[in-house]
Amino acid sequence: MNKKELIQIINLALKEDIGSGDITTNLIIPDFQKGIAEIFVKEDGVIAGLNVANEVFKRLNNKITFRKFIKEGDKVSKGTKIAEVKGSLRALLTGERTALNFLQRMSGIATFTSKFVAQLEGLNTKILDTRKTVPCLRMLDKYSVKVGGGTNHRFGLYDMVLIKDNHIKAAGSITKAVQLIRKKLKKKVRIEVETTNLDEVKEALSNKVDIIMLDNMSLKLMEQAVKLIDGKAKVEASGNVTLQNVRKIALTGVDFISAGVLTHSVKALDISMKIQKFNAELGEQR
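Note that the structure is a prediction, hence the values are computed from the model and not measured. Note that residues are indexed from 1 along each chain, following the sequence as it is written. Owing to the predicted nature of the model, reporting of local features is limited to residues with pLDDT of at least 70; listing and counting of side-chain atom pairs is limited to 80 or more, with chain, interface and lining totals taken over all residues. The side-chain quantities take in all heavy atoms of the structure and omit both hydrogens and water.

Enquirer: When you look at unusual backbone geometry in this model, what are you seeing that I'm missing?
Expert: Negative phi values dominate among residues other than glycine, just as trans dominates among peptide bonds. Even without being glycine, Asn216 reaches a positive phi, approximately 55°. Mapped onto the elements of the fold, Asn216 is located in the loop between β9 (211-215) and α9 (219-229). The cut-offs for exposure are 20% and 50% of the maximum accessible area for each residue type, with area from a 1.4 Å probe on protein chains only; residues under the lower value are buried, those over the upper are exposed, and the others partly exposed. The class of Asn216 is partly exposed, set by a relative accessible area of 47%. A positive phi angle, near 50°, is found at Asp230, a position not held by glycine. Note on conventions: DSSP H or I runs of at least 4 residues are helices, E runs of at least 2 residues are strands, and numbering of each starts at the N terminus. Tracing the backbone shows Asp230 in the loop between α9 and β10 (234-238).

This is the structure:
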């Protein structure tokens with residue numbers, strides 16, 4: 001992840017939550033108090049975002065220590081302690097929700113992605129993410145997909161040509177759209193074309209594009225398209241991909257399967273943080 005962009009994201013998240021100050025914590029907790037908190041999972045999953053959670057606390061107090069008990073991408077079971085945070089009790093309490101929000105969402109994406117990857121075991125097909133991410137959190141969403149074993153599709157509109165149905169309609173045809181791209185594009189980038197039937201697949205093939213997307217095709221039609229393409233281009237399947245049908249789609253012979261559900265409808269992994277001890281002005285309380 002890009003550290004500078006990560007800090008910008010975290011700063012915005014903290015500003016959104018804290019505003020002019022955490023009035024509850026600041027009125028209850030003296031600024032000298034220190035504490036130790038444990039972060040643990042309340043369900044099985046794959047962990048992603050530990051470094052992000054660490055950075056949240058560090059933005060509030062740079063003397064915070066964040067100890068990790070597992071690595072990014074590790075599969076953990078319910079009840080596992082994944083990290084310990086030590087330092088300013090105010091910083092721990094103020095940063096708790098923001099840190100957990102990042103950690104829970106990112107781990108949810110990694111967990112869900114890992115389930116799709118498991119369905120493709122033994123096959124050469126790769127699972128791809130999409131641009132259906134939370135605005136301004138794409139870097140974190142796509143990072144989480146990779147942690148879960150998935151593969152990143154294009155990051156944005158700038159790093160790859162993807163000619164979709166509306167582009168084709170506006171240009172007049174697949175051929176016209178590809179010709180316009182090649183005429184005006186000054187750098188070498190991959191060109192992918194979305195198709196919905198075999199005639200469009202044939203037209204995309206005739207233009208020698210790099211990737212042909214099979215959009216919302218039946219399994220039978222996908223098999224026919226893969227046979228027609230015959231290795232002359234990479235093949236991506238897209239549309240209504242679920243855990244129940246992803247392996248059947250892969251068995252048609254496609255190279256990639258893109259699934260927006262990895263990021264647009266993910267369930268956050270249940271993760272909690274509990275203060276274990278803190279030192280008061282006199283002595284230590286447990």
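The rest of the description comes next.
Enquirer: What exactly am I supposed to notice about the confidence of the model for the chain here?
Expert: Parts of the model with low pLDDT should not have their predicted coordinates read in detail. Counting all residues, the mean pLDDT for the chain is 95, and 98% of those residues have values of 70 or more. Across residues 281-286, where pLDDT falls below 50, the model places 9 contacts with residues more than four positions away in sequence or in other chains. pLDDT is a per-residue confidence score from the predictor, ranging from 0 to 100. Here, two residues are considered to be in contact whenever any of their heavy atoms come within 4.5 Å of each other.

Enquirer: Please explain the pairing of β10 as it appears in this structure.
Expert: Side-chain positions along a regular strand alternate between the two faces of the sheet. Taken across its 5 residues, β10 has 4 buried, putting it largely inside the fold. Being paired, for any two strands, means DSSP has found at least two bridges between them. Inspection of the sheet shows β9 paired to β10 by 5 bridges, in the parallel sense. Opposite Leu214, over in β10, you have Ala237 as the bridge partner. By convention, orient the strands away from the viewer: a clockwise path from the first strand over the helix to the second makes the crossover right-handed. Chirality of the crossover, the property in question, places the unit of β9, α9 and β10 among those that are right-handed.

Enquirer: What should I look at first to understand a nonpolar patch on the surface in this one?
Expert: A cluster of nonpolar side chains, namely Ile23, Leu27 and Ile28, defines an oily patch on the protein surface of about 390 Å² accessible area. Its place among the elements puts Ile28 in helix α2 (residues 23-28). Only residues above 30% relative accessible area that lack a salt bridge enter a patch, with like-charged residues linked at up to 9 Å and the nonpolar side chains Val, Leu, Ile, Met, Phe, Trp and Tyr linked at up to 5 Å. Computed with a 1.4 Å probe, the accessible areas rest on the Shrake-Rupley method; for each residue, only the protein chains presented here act as cover. The rule for a salt bridge is simple: a side-chain nitrogen of Lys or Arg has to be within 4 Å of a carboxyl oxygen of Asp or Glu.

Enquirer: In this structure, what is going on with the packing of aromatic side chains? I would like to understand it.
Expert: The description of an aromatic ring pair uses the distance of the two centres, along with the angle that the planes make with each other. In this analysis, rings of Phe, Tyr and Trp, with Trp reduced to its six-membered ring, are considered paired at centre separations within 6.5 Å, and the interplanar angle assigns stacked below 30 degrees, edge-to-face beyond 60, and tilted for intermediate values. By the definition in use, this model includes 2 aromatic pairs. Ring geometry for Phe112 against Phe116: centres 5.1 Å apart, planes inclined by 85°, an arrangement best described as edge-to-face. Linking Phe112 with Phe116, this pair stays in helix α4 (residues 89-119), spanning 4 residues, or about one helical turn. What makes Phe116 buried here is its relative accessible area of 0%.

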